[in-house]
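Residue strings, one per chain:
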2 protein chains.
Amino acid sequence: MKDRDFDNDLAQKGLRRTRHRAAVLSILEQSQQPLSAEEIFMELKAREMPANLSTVYRILDVLTSNNMLQKLNITGGKSLYEYNRMVHRHHLLCLGCKKILAIGSCPLGDFEKDLAKKTDFSIEGHKLDIYGYCPECRKNDSP
Amino acid sequence: MKDRDFDNDLAQKGLRRTRHRAAVLSILEQSQQPLSAEEIFMELKAREMPANLSTVYRILDVLTSNNMLQKLNITGGKSLYEYNRMVHRHHLLCLGCKKILAIGSCPLGDFEKDLAKKTDFSIEGHKLDIYGYCPECRKNDSP
DNA sequence: ATGCAAATGCAAACCTTTTGCATTTATTTT
DNA sequence: AAAATAAATGCAAAAGGTTTGCATTTGCAT
């Protein structure tokens, strides 16, 4: 299985193509879950492409401000990053095992229009996270 | 204008009634905006009831875990706390001046039911924050 | 190949929040 | 009302995540 050409994506944004940047993109593109800076740091090491943690943060910053990644602050603790697939997404977090499911649908459309009318704000976006227990955690916790 | 009896509220929760705790509750009950630990720290000083910042954090923790306050992590930066008025609320944050408006309505009801059905999660709650520009900031930024 | 601007590594700083411990305070017990 | 006890506070230090300054290395244009 061939890797996507992240080098090209970087070039299109006018960003320098470094192994580390391409690797971070690849890691996040392949990940089912949003990852923290430290998880990415460890995965880079696992891929024999170790980078300094501060470099990871700088890469995440630059990729986020170029809209190639999205930064999530679901927990209040450490930030998580996910590959930006350019679709509007929300997240369902399991309070038990902390796994995160991406949710494609969004119920906010009309609500935002109403809100704009009522408050006279221009609405630019929203952040919606949903919390619950996944099927596995519910099974394990109800003996 | 007489203060609410926060001492009684504390007693009902089985918490010790200290001046600082009552003052923190009073500050947040009177505030239009959610406040950070440091803002509360400063307001305590202004009220001639200075407390150590770590004490403020401990008070906020204990009041939050007793449901007297709610902790918000809107920005990803520092946590904000608001008096828990026992109603489901969301927040509209102005990206310009950072002011926060509390929103009473919530469009999530049916969506959560659908989601529970689709994912087999038990849905326990959600966090919805909306971002935009308030009327004042829109005016000032469009010269 | 050469030069320059940008990316990286490293260590230290930063900021918010938490913790350990001695002291003070609120509440319970006598 | 005083003494005993358990919890709250102050203080300083640590923790955890993230950022920054600076020397070195790398990517890219010339």
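Each chain has its residues counted from 1, running along the sequence as written. Each chain is given a letter, starting from A, and each ligand a number, starting from 1, according to the order in which they appear as written. Only residues with pLDDT of 70 or above have their local features reported here, since the model is predicted, and side-chain atom pairs are shown and tallied only from 80 upward, although totals for entire chains, interfaces and linings are computed over all residues. Side-chain measures were taken over the full set of non-hydrogen atoms in the model, leaving aside hydrogen atoms and water.

(A) Here's a closer look at the relation of the copies chain B and chain A. Between the two copies, chain B and chain A, the superposition gives an RMSD of 0.1 Å; the rotation angle is 180° and the shift along the axis is 0.0 Å. Read as a symmetry element, the transformation amounts to a two-fold axis. Identified as the residue of chain B closest to the rotation axis by C-alpha distance is B:Leu128, at 2.2 Å. Pairs of residues are marked as contacts when any of their non-hydrogen atoms sit within 4.5 Å. Most of the interface of chain B is mirrored in chain A, where 100% of its interface residues are also at the interface. The least-squares superposition of copies is restricted to C-alpha atoms, and to residues with a pLDDT of at least 70 in both copies.

(B) Fine view of the protein's contact with DNA strand D. Residues in contact with DNA strand D amount to 20 residues; listed here are only the nearest, A:Tyr57, A:Lys78, B:Arg21, B:Asn52 and B:Thr55. Residues are labelled near a given molecule or strand when at least one of their non-hydrogen atoms is within 4 Å of it. Atoms of DNA strand D within 4 Å of the protein: sugar and phosphate make up 61%, bases the balance. Distance and chemistry together define a polar contact, namely a pair of N or O atoms within 3.5 Å, with one atom able to donate a hydrogen and the other to accept it when in protein, and with adjacent residues in sequence counting only for side-chain atoms on both sides. Between a base oxygen of DNA strand D and a side-chain N or O atom of A:Arg58, the distance comes to 3.2 Å. Within the side chain of B:Arg21, a nitrogen or oxygen atom sits 2.7 Å from a phosphate oxygen of DNA strand D. In this text, helices come from DSSP runs of H or I with a minimum length of four residues, and strands from runs of E with a minimum of two, each type numbered from the N-terminal end. Within the residue set of the surface near DNA strand D, elements represented by two or more residues are helix 4 (53-65) of chain A together with helix 2 (19-30) and helix 4 (53-65) of chain B. Here the element with the most residues in the surface near DNA strand D is helix 4 of chain A; it accounts for five residues. A breakdown of the residues in the surface near DNA strand D according to their chemical character gives five nonpolar, seven polar and eight charged. Residues are grouped as follows: nonpolar covers Ala, Val, Leu, Ile, Met, Phe, Trp, Tyr, Cys and Pro; charged covers Asp, Glu, Lys and Arg; every other residue, Gly included, is treated as polar.

(C) View of the domain arrangement of chain A. All names here are of chain A. The source of the domain bounds is an automatic or database domain assignment. The assigned domain composition of chain A is domain 1 (1-86) and domain 2 (87-143). Each of domain 1 and domain 2 has a C-alpha centre, and the two are 23 Å apart. Each side of the interface is counted separately: domain 1 has 10 residues, and domain 2 has 11 residues. Throughout this description, the term salt bridge denotes a Lys or Arg side-chain nitrogen within 4 Å of a carboxyl oxygen of Asp or Glu. Counting every contact that joins domain 1 to domain 2 gives zero salt bridges. The tally of links between domain 1 and domain 2 comes to four residue pairs in polar contact (both at pLDDT 80 or more). Of the residues assigned to the side of domain 1 that touches domain 2, the class counts are five nonpolar, three polar and two charged.

(D) Main features of the layout of surface pockets. Every definition here rests on a 1 Å grid over the protein atoms only: cavities are sets of points where a 1.4 Å probe fits but cannot get out, pockets are open sets enclosed by protein on both sides within 12 Å along at least five of seven lines, and lining residues have some atom within 4 Å of a point. Grid points are joined across faces, edges and corners, and a volume is the space filled by probe spheres set on the points. Size it by volume and the largest pocket reaches roughly 700 Å³. Residue lining of the largest pocket: 27 residues in total, with A:Tyr131, B:Gln70, B:Lys71, B:His126 and B:Lys127 positioned closest to the centre. Broken down by secondary-structure element, the contributors of at least two residues to the lining of the largest pocket are strand 2 (69-72), strand 4 (90-94) and strand 6 (122-133) of chain B. It is strand 6 of chain B that provides the largest number of residues to the lining of the largest pocket, a total of six residues. For the lining of the largest pocket, a count of residues per class yields nine nonpolar, 12 polar and six charged. As for the second largest pocket, its lining consists of 21 residues, and the residues nearest its centre are A:Gln70, A:Lys71, A:Leu72, A:His126 and A:Lys127.

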